[in-house]
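# An overview of the molecular structure
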Amino acid sequence: IQADGTDGNCVTFVLHDEDHTLGNSLRYMVMKNPDVEFCGYCITHPSESKINFRIQTRGALPAVEPFRKGLNDLMSVCQHVLSTFEVRPFLKSFGALL
């Protein structure tokens, strides 16, 4: 991850080896934060796997904070989905034995 921005509350993060899967999911999670004024991403070129991810916050909140929170929240959601789908097949196979 690279960060570019002279103002701490408006930063463009460059994410390498990523695509719309992470970009759109992370944008959704970051925009849930009421202190975020703008959040968007673009893919520089279809042949490159690089995202420019821009966050602008209100007030003195550094843009890196909602970026970190968005990543952590997205990891929590993914972990919940994984654990839900890992448990259900186990319960169905266990129920079939009863």
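This text gives an overview of the structure that appears in the document. (Residues numbered from 1 in each chain as written. Predicted model: local features only at pLDDT ≥ 70, side-chain atom pairs only at ≥ 80, totals over all residues. Heavy atoms only, no water.)

A word on the pattern of salt bridges. Where charged atoms from two side chains of opposite charge approach closely, those side chains can pair. Summed over all chains, the structure comprises 2 salt bridges. With a shortest N-O distance of 3.5 Å, R68 and E65 are connected by a salt bridge. Here the residue R68 and the residue E65 both occupy positions in helix α2 (residues 64-97), the gap between them amounting to 3 residues, near one helical turn. A relative accessible area of 36% means that E65 is categorised as partly exposed. Salt-bridge contacts for D73 lead to K69; the nearest nitrogen and oxygen are separated by 2.8 Å. (Salt bridge = Lys/Arg side-chain N within 4 Å of Asp/Glu carboxyl O. Helix = DSSP H or I, 4+ residues; strand = E, 2+ residues; numbered from the N terminus. Buried < 20%, exposed > 50% of the residue type's maximum accessible area, 1.4 Å probe, protein only.)

Turning next to the environment of M29. With respect to the secondary-structure elements, M29 resides in helix α1 (residues 20-31). Remark: the alpha-carbon pair of M29 and G70, spanning 41 residues in sequence, is separated by 5.1 Å. Not counting chain neighbours up to four residues away, the residues in contact with M29 comprise G70, D73, L74 and V77. (Contact = heavy atoms within 4.5 Å.)

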